[in-house]
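These are the residues of each chain, in order.
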Amino acid sequence: KRPFINWDVTEYELGGVTKKFLTNMPDNHKVSLNSHGWLYYKPTILLSKFTVITKDSAGATINTFEIDITGGATDIQFIPSSPASLNNIDNTNITVGAQPIIDSSVASYELYIVRLFLPAQVSETRTFVLEESCKYNTNTLIFQNNLGAFDSFTFYLGDMSMTEIERKDMKVNVDTVVGNDIVNSMNEREKVTYYTKKSETIKLMSDWISEEESNWLLELMSSPEIYLQEGNELTAVAKIKATNYTKKKVVRDKLFKIEVELELGYDDYRQRM
């Protein structure tokens, strides 16, 4: 396919500061304190740890954390990268520093991986920027990207839930005869609903995004596997209902947001007993 004409797997094989994580996500990625997310990578050497450097709003370093990495030298692996996932790391795996890694004093943080022998940085440095919504609840989508790994994106302008209801009815005889009398009961009716199916869709709205983010989010819109973060749990999404997506250009569109409508991956059924 066209995006993979110049594909070079060595760009993703960790071994230097230019080696990439398995994502096309732009740097300076916006995250909230409650959002989950991970970075996937392809090791070719034994790794010892990854480093997180937290900074305040002036860019000064607050703390440096070092977290143990376990696993082989060839399997695709992942590390926590968003605040809620980083803060779920057990203190026994943190060799420098202690929880919480990310708190409300952090404005941004950097993250990179270090090899085992002759310790040195063997991945690119990724920067994450903390942003919280002032008025709305946030929603994070976790989706399979074009490289087979999982990315996350947070929508800051709230959500709207819609439920489509499908009913099936039948007619019954309501003329109950007791002896020689016809008895009418309040709960009897000629039309009875015996089957109900509820299908939920959720509409999410992003904050302002960049042209680079707009290009990257095509991977979300076309992803075959998407999850909605609800608290610390993930809910499977059947699909994004949009059938087309226009990449935005700053020279033409100036400022822009995106809106997605999700169809959840399950239906709710009720049947008359």
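The coordinates are above.
Owing to the predicted nature of the structure, the values given are computational and were not obtained by experimental measurement. (Residues numbered from 1 in each chain as written. Predicted model: local features only at pLDDT ≥ 70, side-chain atom pairs only at ≥ 80, totals over all residues. Heavy atoms only, no water.)

Draft legend 1. The arrangement of the overall build of the chain in detail. A count of helical and extended segments in the chain gives four helices and 17 strands. Taking all 273 residues of the chain together, the buried fraction comes to 39%. Working note: accessible area of the chain is about 15,600 Å², and carbon and sulfur atoms make up 48% of it. (Helix = DSSP H or I, 4+ residues; strand = E, 2+ residues; numbered from the N terminus. Buried < 20%, exposed > 50% of the residue type's maximum accessible area, 1.4 Å probe, protein only. Areas by Shrake-Rupley, 256 points an atom, 1.4 Å probe, with all protein chains shown as cover.)

Draft legend 2. Local environment of the sheet that holds strand β4 (residues 61-68). Across the sheet, which stays open at both edges, the six strands sit in the order β1-β8-β7-β3-β4-β6 with mixed pairing between neighbours. Unpaired on one side and paired on the other, β1 (29-31) and β6 (94-96) mark the two borders of the sheet. Taken over all neighbouring pairs, the strand axes of this sheet differ in orientation by 30° on average, direction set aside. One ladder, built from seven bridges, connects strand β3 (residues 47-55) with β4; its direction is antiparallel. The residue of β4 that forms the bridge with K55 is T61. (Pairing = 2+ DSSP bridges. Axes fitted to C-alpha atoms, helices over the stretch in contact; angles between N-to-C directions.)

Draft legend 3. Region of the structure containing the packing of aromatic side chains. Applying the stated criterion across every chain, the model contains seven aromatic pairs. On the numbers, 5.8 Å between centres and 45° between planes, the contact of F143 with W216 is tilted. Within this pair, whereas F143 is found in strand β9 (residues 139-144), its partner W216 is found in helix α2 (residues 211-216), the two being separated by 73 residues in sequence. The pair F143 / W216 is uniform in exposure class, with both members buried. Plain terms: the ring middles of F153 and W216 are 6.0 Å apart, the flat faces sit at 75° to each other, and that makes the pair edge-to-face. Of the two residues, F153 is situated in strand β10 (residues 150-155) and W216 in helix α2; the sequence distance between them amounts to 63 residues. The burial state of F153 is the same as that of W216; both residues are buried. An aromatic cluster is defined as three or more aromatic residues linked by ring pairs; in this entry it consists of Y40, F78, F150 and Y227. (Phe/Tyr/Trp six-rings, centres within 6.5 Å; stacked < 30°, edge-to-face > 60°.)

Draft legend 4. A look at the pattern of salt bridges. Under the defined criterion, the tally for this structure stands at nine salt bridges. The shortest N-O distance in the salt bridge between E131 and K30 comes to 3.8 Å. With E131 in the loop between β8 (126-130) and β9 and K30 in strand β1, this residue pair connects regions lying 101 residues apart in the sequence. Classification of E131 as partly exposed rests on a relative accessible area of 22%. The residue E66 makes a salt bridge to K49 at a minimum N-O spacing of 2.8 Å. Linking E66 in strand β4 with K49 in strand β3, this pair joins segments that are 17 residues apart in sequence. Note on accessibility: E66 and K49 belong to one class, buried. (Salt bridge = Lys/Arg side-chain N within 4 Å of Asp/Glu carboxyl O.)

Draft legend 5. Expanded view of the pairing of strand β15 (residues 226-230). Examined bridge by bridge, β9 and β15 share three bridges and lie antiparallel to one another. Along β15, the bridge assignment pairs I142 with Y227. Here β15 pairs with strand β16 (residues 233-240) via five bridges, running antiparallel. The residue of β16 that forms the bridge with Y227 is A236. As consecutive antiparallel partners, β15 and β16 are separated by two residues, and within that stretch G231 has a phi angle of approximately 65°, a positive value.

Draft legend 6. Looking closely at the pairing of β3. Of all nine residues that make up β3, nine are buried, and the element is covered over most of its length. With eight bridges connecting them, β3 and strand β7 (residues 108-115) associate as antiparallel partners. From the neighbouring strand, T54 faces β7, where its bridge partner is Y109. Counted between consecutive antiparallel strands, the loop separating β3 from β4 contains five residues, among which G59 sits at a positive phi close to 90°.

Draft legend 7. Broad picture of unusual backbone geometry. For the peptide bond that leads from Q99 to P100, omega is 0°, which places it in the cis range. Among the secondary structure elements, P100 is positioned in the loop between β6 and β7.

Shape is all these values report; function is a separate question.
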